[in-house]
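Geometric and topological summary
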Amino acid sequence: MDSKMKWRFPVDERRKAACMREIRLQVEEKRFRRYPSFAENVWNELRFQSPWHWALQGGVLFAALLVAVWGSRRAGTDSVNIAASSVFIVFAGNICLSGVARLFSWHMAELEQTLYLNLKQMICIRMLEAGVVDSGVLAILTGVGGGCSVSGTGVYFLYMLVPFLWSDVLYLYMLTAFRNLFSGFGQTAAGVICGLLALFPAFLEKAYQPDYVPVWAALSVAGILVLGVELYRIPGKIERGEHVCLN
Amino acid sequence: MEDRELIRRIQNGQKEYLNEIAGKYYDDIYYFCAYQTGNREDAYDLAQETFFKFIRYVESYRYRNLKGYLLTIAMNLCRNYAGRTAGTRIAATFDSWEQPEREAADCAEVSMCCQGEFGRLEDHLLLAEMLGRLPEAQREAVLLHHFYGYKNREIARMTGASGPAVKSRIRQGLTKLKKWLEEEGF
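Residues numbered from 1 in each chain as written. Chains lettered and ligands numbered in written order. Predicted model: local features only at pLDDT ≥ 70, side-chain atom pairs only at ≥ 80, totals over all residues.

Once that is clear, we can look at the overall build of chain B. Within chain B, the secondary structure is distributed over 9 helices and 0 strands. The secondary structure elements of chain B, listed N-terminal to C-terminal, are α-α-α-α-α-α-α-α-α. (Helix = DSSP H or I, 4+ residues; strand = E, 2+ residues; numbered from the N terminus.)

Moving on: the overall build of chain A. Along chain A, the regular secondary structure elements total 10 helices and 0 strands. Reading the secondary structure of chain A in the N-to-C direction produces α-α-α-α-α-α-α-α-α-α. Out of the 247 residues belonging to chain A, those deemed buried represent 30%. If you take every contact in chain A between residues at least 6 apart in sequence, the share linking residues at least 24 apart comes to 78%. (Buried ≥ 20, exposed ≤ 12 C-beta atoms within 10 Å, placed from the backbone. Contact = placed C-beta atoms within 7 Å.)

Listed as interface residues are 20 residues of chain A and, on the opposing side, 27 residues of chain B. A breakdown of the residues in the side of chain A that touches chain B according to their chemical character gives 10 nonpolar, 1 polar and 9 charged. (Nonpolar A, V, L, I, M, F, W, Y, C, P; charged D, E, K, R; others polar.)

All names here are of chain A. Direction vectors running N to C along helix H3 (residues 51–72) and helix H4 (residues 78–96) enclose 175°, while the axes themselves pass 10 Å from each other. Between H3 and H4, the angle is such that the two are roughly antiparallel. Listed contacts from H4 to Leu56, Val60, Ala64, Val67 and Gly71 of H3 are Asn81, Ala84, Ser85, Phe88, Ala92, Ile95 and Cys96. Looking at the contact of H3 with H4, its residues break down into 9 nonpolar, 3 polar and no charged. (Axes fitted to C-alpha atoms, helices over the stretch in contact; angles between N-to-C directions. Parallel < 35°, antiparallel > 145°, perpendicular 65-115°, else oblique.)

Residue and element names in this part refer to chain A. As for its position among the elements, Ala218 is in helix H10 (residues 213–240). Classification of Ala218 as exposed rests on a count of 12 C-beta atoms within 10 Å. C-alpha separation for the pair Ala218 and Leu158, spaced 60 residues apart in sequence, amounts to 9.7 Å.

This part is about the nonpolar core. Residues and elements named next belong to chain A. Judged by nonpolar contacts, the single largest core of 48 residues is most densely connected at Ala64, Phe88, Ile89, Ala92, Val137, Leu141 and Met160. For this core, the elements supplying multiple residues, two or more each, are H3, H4, helix H5 (98–102), helix H7 (119–148), helix H8 (153–177), helix H9 (185–199) and H10. Per element, the largest residue contribution to this core is 15 residues, and it comes from H8. Discounting chain neighbours no more than four positions away, the residues touching Ile89 are Val137, Leu138, Leu141, Met160, Pro163 and Phe164. (Core = buried A, V, L, I, M, F, W, Y, C linked by C-beta atoms within 7 Å.)

Turning next to helix H1 (residues 13–29) of chain A. End to end, H1(A) covers 24 Å across 17 residues, agreeing with the expected 24 Å (1.5 Å per residue, within 8%). Taken together, the buried residues of H1(A) touch helix H2 (17–37) and helix H3 (40–57) of chain B. (Expected span 1.5 Å × (residues − 1).)

Our focus in this paragraph is the packing of helix H2 (residues 38–46) of chain A against H7(A). Two packed helices can be described by the angle between their axes and the distance between those axes. Residues and elements named next belong to chain A. Between H2 and H7, the shortest axis-to-axis distance is 10 Å and the interhelical angle comes to 80°. By the angle between their directions, the pair H2 and H7 is classed as roughly perpendicular. Of H7, the residues touching H2 (which contributes Asn41, Val42, Glu45 and Leu46) are Gln121, Met122, Ile125 and Glu129. Of the residues contributing to the contact of H2 with H7, the split by class is 4 nonpolar, 2 polar and 2 charged.

Confidence in the prediction of chain A, expressed as mean pLDDT, is 81, and 87% of residues score 70 or more. Per-element mean pLDDT across chain A ranges from 70 in helix H6 (residues 108–115) of chain A up to 92 in H1(A). (pLDDT = per-residue confidence, 0-100.)

Glancing now at the confidence of the model for chain B. Low-pLDDT stretches of the model should not have their predicted coordinates read in fine detail. Summarising the model, chain B shows a mean pLDDT of 79, and 80% of its residues fall at 70 or more. Under the prediction, the complex receives an ipTM of 0.73, its pTM being 0.55.

Residue and element names in this part refer to chain A. The residue Glu230 is located in helix H10 in this model. Residue Glu230 is classed as partly exposed on the basis of its 18 C-beta neighbours within 10 Å. Glu230 sits 57 residues away from Tyr173 along the chain, and the two C-alpha atoms are 7.3 Å apart. What Glu230 contacts, discounting residues up to four positions off in sequence, is Val169, Leu172 and Tyr173.

See the structure below:
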């Protein structure tokens, strides 16, 4: 006999057969609930977006391309190109996250109950979509602008990453902290504040000098960590409801 | 048929394959419950309840290690059982292990094992008693590692403990078992 089987003793076959009968009954009574896959959920969410929404996303990407090409033709004016791209990336983030902001409106909980929506899932998918478009903007600006920059693509990427990350951190924070204000005027105000903050380094003489690259790197790492925490906490805030009352 | 294929078919609505999974893993789950609770009779109910729970939530199950998943359900059920029967457990334990032994003597299907293997029943009784003396966490770890062959990392995932904690539980559990079994002249 296999040594691993030595600890096995004879099973009472009658009891076992009775258990198997009960299990068969349970299987017969089983009614399957359908759980769509992640890809199906994403598709179902995206296919109900309006043509205006897609036009806006496409417009943002196209504008990113224009800004990047405009910057690449102004060779030798690195700080101006970086500042313009930083401001653009901040506004692009604001536009992309506006769809997420709408899901934090009043009475969304009623809508969720009435229409059997999964609000947490919808918000996650919309944030994913905003993140993809935002990353596309970042890639276009870095790819085109970085190639013509005297600082090199890697450093140019850091210059873009800092306003990209911190503006998204601020927007996501405002989604829950100042939810009532974050629509219409509030959203524009948030965009303007972030734009001014992104423009601020351009007024510092040495901000885009090689000596300050470690500072940009540190700000990027901190931004990644804070954004990660913010993204992790948002679904929890919706679930628990103590910070976000959707009704 | 491979477990992954069974799960795929079940999740596509072919629920009859749930019976195949129950048939395939019933014994493994039963033995685990029997040694974990120290009660052979209640282990049938716990094994059955394990499959009921699996059947209830099978749609949301993401295939990884089916037997490990079933053992994890069984482990949680055994923990609840231990909480429920904390005061009465020791008394029930020995009765339930001796009873089938007495029945075995009369039972035709088991009688052939009685000729050369009656001593094995005593060994099982002793082993169950010694395992029953171990703290629950150590018993789980020893069972999964030595009886089911799971690695420390897998046990850590199943029990929710850290890798070093699992290693320590196995070592301490085995040391105690060895000492107690030697005292009994095993």
